[in-house]
Amino acid sequence: ACNNNVNCPEAQPWNDEISSVVMALTDGGTRLCSGALINNANQDFEMYFLTSETCLGGHEDWVFMFNYESPSCDNEDGPTDQTLSGATLLTHHHESDYALLRIEETPPEYFDVYFSGWDRRNIAPQNCISIHHPVGDIKKISYHEDYTVSDGWYTNDGTHWRIPEWDDGITEPGSYGAPLFNNNNHIVGQLHGGESSCDDNIDDYYGKLSHSWDLGLSEWLDPNDTG
């Protein structure tokens, strides 16, 4: 009840980014994690999928479900037939809990996929949002006003962005790997985990894209080192 469907009017400025968010399922159909198609500096439509390292295991056989969302602001089930299968793990690291995979199949045009942009600068995002599939539910969006906090998963080592409190919406298991977007609509991290729930909407941790950059992510998102 405390989650927001992505086709509510207030989410419309994020329509493109909403189309980049995908749910990952096991080959047995278990709804596992969230993630996003992410662009690279060559802008060549490589099927790069950014998610959480925590989600890995059996990823070679994952099924990727696109556009699983209510067609309206009300809670209606979404389509479950827009799927692709198979992925190759390209790079990952535990410090910022990121994983980058390449989806092996090419989506048909009617999937209307979008490749989200990113910002690799270590600048605290403000007025940010996250788009995700909590517990494998239809796609949701969460809003945070004001600044995030530079923090860490075990210690305050600057590897994560912490959302002190969601202003509208939360995250749940199944949201792991979900992108965090800054107010310029760029990905700045992916969800590692946290404490938020409908009863207490506090403290979610997103591994920083800026920290992941020199841990292997740059080789794929900026392969020609354009800066």
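In what follows, the accompanying structure is described. (Residues numbered from 1 in each chain as written. Predicted model: local features only at pLDDT ≥ 70, side-chain atom pairs only at ≥ 80, totals over all residues. Heavy atoms only, no water.)

### Some thoughts on the overall build of the protein chain
The criterion, for reference: Secondary structure elements follow DSSP: runs of H or I no shorter than four residues count as helices, runs of E no shorter than two count as strands, and numbering proceeds from the N terminus. What the globule rule says is 2.2 Å times the number of residues to the power 0.38, and the radius of gyration is computed from C-alpha atoms. Only protein chains enter the accessibility calculation, which uses a 1.4 Å probe; a residue whose area is less than 20% of its type maximum is buried, one above 50% is exposed, and one in between is partly exposed.
Of regular secondary structure, the protein chain possesses three helices and 15 strands. Expected size for 227 residues packed as a compact globule is a radius of gyration near 17 Å; at 16 Å, the protein chain falls within 12% of this value. With respect to the three principal axes, the spread of C-alpha positions in the protein chain is 40 × 40 × 30 Å. Counting all 227 residues of the protein chain, 54% fall into the buried class.

### Quick notes on the state of the cysteines
Heads up, the rule is: Whenever a pair of cysteine sulfur atoms sits within 2.5 Å, that pair is classed as a disulfide.
All chains considered together, the criterion is met by three disulfides. Here Cys2 is linked by a disulfide to Cys198, with a sulfur-sulfur distance of 1.9 Å. Residues Cys2 and Cys198 share a disulfide whose torsion about the S-S bond is about -80°; that sign makes it left-handed. Linking Cys2 in the segment before α1 (15-20) with Cys198 in the loop between β14 (186-194) and β15 (202-208), this pair joins segments that are 196 residues apart in sequence.

### Quick notes on the sheet that holds strand β5 (residues 83-85)
Basically, it comes down to this: Whether two strands pair comes down to DSSP finding at least two bridges between them. Simply put, an axis is a line fit to the C-alpha atoms, just over the touching stretch for a helix, and the angle between two N-to-C directions goes from 0 to 180 degrees.
Ordered in space as β5-β4-β1-β2-β3-β7-β6, the seven strands form an open sheet in which the pairing is antiparallel. If you trace the sheet from one side to the other, it starts and ends with β5 and β6 (87-93), each paired once. Adjacent strand axes in the sheet meet at a mean angle of 30°, parallel and antiparallel pairs treated alike. Two strands pair when backbone bridges link them, and strand β2 (residues 31-37) and strand β3 (residues 48-52) are joined in this way by two bridges, in the antiparallel orientation. Looking across to β3, one finds that Leu37 is bridged to Phe49.

### Focus on the pattern of salt bridges
Note the threshold: Whenever a carboxyl oxygen of Asp or Glu lies within 4 Å of a side-chain nitrogen of Lys or Arg, that contact is scored as a salt bridge.
One pass over the structure, following the stated rule, counts six salt bridges. A salt bridge links Glu104 to Arg102, with the shortest nitrogen-to-oxygen separation between them at 4.0 Å. Residue classification places Glu104 among the partly exposed positions, given a relative accessible area of 42%. On the basis of relative accessibility, which here comes to 25%, the residue Arg102 falls in the partly exposed class. The partner of Arg162 in a salt bridge is Asp151, and the shortest N-O contact between them spans 2.8 Å. With a gap of 11 residues between them, Arg162 in strand β12 (residues 160-165) and Asp151 in strand β11 (residues 149-151) connect regions that are remote in the sequence. Of the two residues examined, Arg162 and Asp151, each falls in the buried class. A single network of salt bridges, built from pairs that share partners, joins Asp151, Arg162 and Asp203.

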